[in-house]
Amino acid sequence: MGRLFRWIGAGLLWLVILLCLTLTIVPHFLDARYYRGPVSDHFDGERFFNPDGDDGLPVANTGTMLRYIAGSDDRPKWPSRVAVAPTRPPARVDGERMLVTWIGHSSVLVQTAGINILTDPVWSKSAGPWGFGPTRVAEPGIRFDDLPRIDLVLVSHDHYDHMDLATLKRLSDRDKPMIVTSLGNDSVISQAGVPATARDWGGRVEVRAGIEVIVNRGHHWDSRWFADRNRALWSSFVVTLPGGNLFFAGDTGAGDFGWADKAVSYGPIRLALIPIGAFRFAPGQMAAGSHIGPLDAVEVFRRLGASHAIGVHWGTFRLSYEGWDTPPRLLAAAEKCTGQSGFDALPIGRTVAIPPYAAPRPRPAMPRAELLHCLETSGAAALP
């Protein structure tokens, strides 16, 4: 019996040693230097950061995050499956005509001026490493094989629900598109054997005469393995187009909203793709550090002066607390409260034509307290 206890004790000792070695070695192994370059107002020589303050994490309280991950936070139920009728878009759209299809989450196909643009393409079943992570409740609005030839891909950052290496590899093998991203993400994408062009905020990439991609600031964070946090940069994008620019916000919190103001400086925005979901990590929360909700989204829309906007980043992967259809319902209420129009949420798989650019009527910002009061009066603030 004494020998048995000694064996058990030795085994436990080795398990403790192995655990200590794992905790010491693995984080360094999983960490990576995706980018090396000069120090700037958003890069300290090792990691990127938000120049307008805070780390951009969705929640600051570890306990809240653990309860969310464990599903023990009494969150509203989501459907296990959402019906989608996939569409088959045309091969090309010429001239200033613009067609847009929301594929799901932040994946959008924009067709105009003879080019096909795809944002943060994700066709995988789940958003996480090795098949783990949040699972789709809605299939892509376009089957991969029905995608027209893609010319330009925008990748906002390296989170799994935005950078899907398997999808990028399929696109690269099939179409050889130009992939534009921000600093360091090209290193991550290259792990799949896929070339990408990376730029710092303010950097430009010419697609063809009169059309270029401008990498723009956002307010977020990034990581593939937690230990490699903020080794690559997050961004939004402006694509200059003859009929008015395209703005893709990527994934972002509000911060100082300066990233939206900067986007306007590159010219009139015909269409803005703005996130409206994954903003709630506790009951009643209306925004998180790294994710805007509908209240901030309508302010982004106002600042952009865009003719039209489509709400994305909702209804596909469950990432947060709010109900499945709360983002579009709250967006409609916030838009009504602020007196705006032209900012809509679409069904996945529906292709819509975007009218020509027309400058919206200028509106002053509505104080947040006033907007919240309006939403409470209408009952929208009580949405789960």
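Our subject in this report is the structure included herewith. (Residues numbered from 1 in each chain as written. Predicted model: local features only at pLDDT ≥ 70, side-chain atom pairs only at ≥ 80, totals over all residues. Heavy atoms only, no water.)

## So, the sheet that holds strand S11 (residues 269-275)
- Taken in spatial order, the seven strands of this open sheet run S7-S8-S9-S10-S11-S12-S13, and their pairing is mixed. Two strands lie at the open edges of the sheet, namely strand S7 (204-208) and strand S13 (343-344), each paired on one side alone.
- Sheet analysis places S11 next to strand S12 (residues 308-312), joined by five bridges and oriented parallel. Within S12, the residue paired with Ala272 across the bridge is Ala309.
- Those strands touched by helix H6 (residues 294-304) are strand S10 (245-248), S11, S12 and S13, and its axis lies near 160° from that of S11. (Pairing = 2+ DSSP bridges. Helix = DSSP H or I, 4+ residues; strand = E, 2+ residues; numbered from the N terminus. Contact = heavy atoms within 4.5 Å. Axes fitted to C-alpha atoms, helices over the stretch in contact; angles between N-to-C directions.)

## Comments concerning the packing of H6 against helix H7 (residues 326-338)
- The interhelical angle for the contact between H6 and H7, taken along N-to-C directions, is 50°, at an axis separation of 8 Å. Accordingly, the angle class assigned to the pair H6 and H7 is oblique. In this structure, H6 meets H7 at a crossing whose hand is right-handed. Two secondary-structure elements touch here, H6 through Pro294, Leu295, Val298 and Phe301 and H7 through Pro327, Leu330, Leu331, Ala334, Glu335 and Thr338.
- Grouping the constituent residues of the contact of H6 with H7 by class yields eight nonpolar, one polar and one charged. (Parallel < 35°, antiparallel > 145°, perpendicular 65-115°, else oblique. Left-handed = near helix turned anticlockwise from the far one by under 90°. Nonpolar A, V, L, I, M, F, W, Y, C, P; charged D, E, K, R; others polar.)

## Details of the layout of surface pockets
- Approximately 270 Å³ is the volume attributed to the second largest pocket.
- Along the walls of the second largest pocket sit 13 residues, with Phe301, Ala306, Gln340, Pro360 and Arg361 positioned nearest its centre.
- Among the residues forming the lining of the second largest pocket, the class breakdown is five nonpolar, five polar and three charged. (1 Å grid on protein atoms, 1.4 Å probe; cavity = no way out; pocket = protein on both sides within 12 Å on 5 of 7 lines; lining within 4 Å. Points joined across faces, edges and corners; volume = space filled by probe spheres on them.)

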